[in-house]
Amino acid sequence: DNRAGTLDIYIYTFHLEGPPADVVAPEIHGAADVTVDAMTPRGAAVTFAVSATDNEDANPALSCVPASGTTFPIGTSPVDCRATDASGNSSAAGFQVTVRGADVQLASLADLVVSLNLKQGIENSLDRKLSAALASLEAARAGAVGTACNQLGAFASEVNAQTGKAITAGDSAMLLDAVARIRAVLGCG
């Protein structure tokens, strides 16, 4: 029965079910503290392996500031990393990069000399040279690197003279590599 002027109106509501929204932030991996030796007076180029994974996005965007491969100055510097997935979820992680300067490297070299169990006279002689170089670091920081450089040169000369005699070739290589790196950090010619 259709009466004039009467109109039947029906309203239907449809709910379309789609995939659930991605609300999970990416995970950052490998954001761990790093310690390296300075290689120059400016510090050291430091590489690190930080990555990100996500439950939905196969390649979440990841950036770290400063970036891997940056030259970090001597001392401790923060690194801040952020990962963002395609849905806009993000997470952050941070870590510290420590670049060891000449003073810390000299102390480590002195510990290495002791650990090699060299003849007492040779160990004492090498230790005196390292102690003198360490004592002259304050002057080196002010630009007067001569004394420290000379002491490190004398240390290298003695190691070379004792290589194959009181110091094995392998131990000698470790000592000479360390002293060359410290000389480079100080800017010795």
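Please refer to the structure higher up on the page.
Residues numbered from 1 in each chain as written. Predicted model: local features only at pLDDT ≥ 70, side-chain atom pairs only at ≥ 80, totals over all residues. Heavy atoms only, no water.

**Student:** Before we move on, could you go through the packing of aromatic side chains and cite the residues and values that matter?
**Tutor:** Where two aromatic rings form a pair, the distance of their centres and the angle of their planes describe that pair. As enumerated under the stated definition, the model contains one aromatic pair in all. Relative to Phe95, the ring of Phe48 lies with its centre 5.0 Å away and its plane at 80°, an arrangement referred to as edge-to-face. Remark: Phe95 occurs in strand 8 (residues 90–100) and Phe48 occurs in the loop between strand 3 (44–45) and strand 4 (51–53); sequence separation between them is 47 residues. Taken as a pair, Phe48 and Phe95 share a single burial class, namely buried. (Phe/Tyr/Trp six-rings, centres within 6.5 Å; stacked < 30°, edge-to-face > 60°. Helix = DSSP H or I, 4+ residues; strand = E, 2+ residues; numbered from the N terminus. Buried < 20%, exposed > 50% of the residue type's maximum accessible area, 1.4 Å probe, protein only.)

**Student:** Let's hear about the sheet that holds strand 5 (residues 61–65): which residues, and what values?
**Tutor:** One key point about sheets: their strands pair by backbone hydrogen bonds, in either a parallel or an antiparallel sense. The mixed open sheet is built from four strands, whose spatial order is 2-8-7-5. Each edge of the open sheet carries a strand with a single partner, namely strand 2 (34–37) and strand 5. Looking at each pair of strands side by side, their axes are set apart by 20° on average, direction ignored. Where strand 2 and strand 8 come together, four bridges link them in parallel fashion. Bridge pairing in strand 8 places Val36 opposite Val99. (Pairing = 2+ DSSP bridges. Axes fitted to C-alpha atoms, helices over the stretch in contact; angles between N-to-C directions.)

**Student:** If you had to explain unusual backbone geometry to someone new, which residues and values would you point to?
**Tutor:** For the bond from Val65 to Pro66, the omega torsion is -5°, close enough to zero to count as cis. On the secondary structure map, Pro66 appears in the loop between strand 5 and strand 6 (71–72). Phi at Asn117 is positive, roughly 50°, even though this residue is not glycine. Its place among the elements puts Asn117 in the loop between helix 1 (102–115) and helix 2 (120–135).

**Student:** Talk me through helix 2; I want residue IDs and the actual numbers.
**Tutor:** A rise of 1.5 Å per residue sets the reference length of helix 2, with its 16 residues, at 22 Å; its end C-alpha atoms lie 22 Å apart and thus fit the reference within 8%. Of all the residues in helix 2, the buried ones are Ile122, Glu123, Ser125, Leu126, Lys129, Leu130 and Ala133. Around the axis of helix 2, the buried residues are gathered within 165° of arc, so they sit on the same side. What points out from helix 2, more than 90 degrees from its buried face, is the exposed set Gln120, Gly121, Arg128 and Ala135. In this structure, the buried side of helix 2 is in contact with helix 1, helix 3 (137–141) and helix 4 (146–162). (Expected span 1.5 Å × (residues − 1). Arc of directions from axis to C-beta. Contact = heavy atoms within 4.5 Å.)

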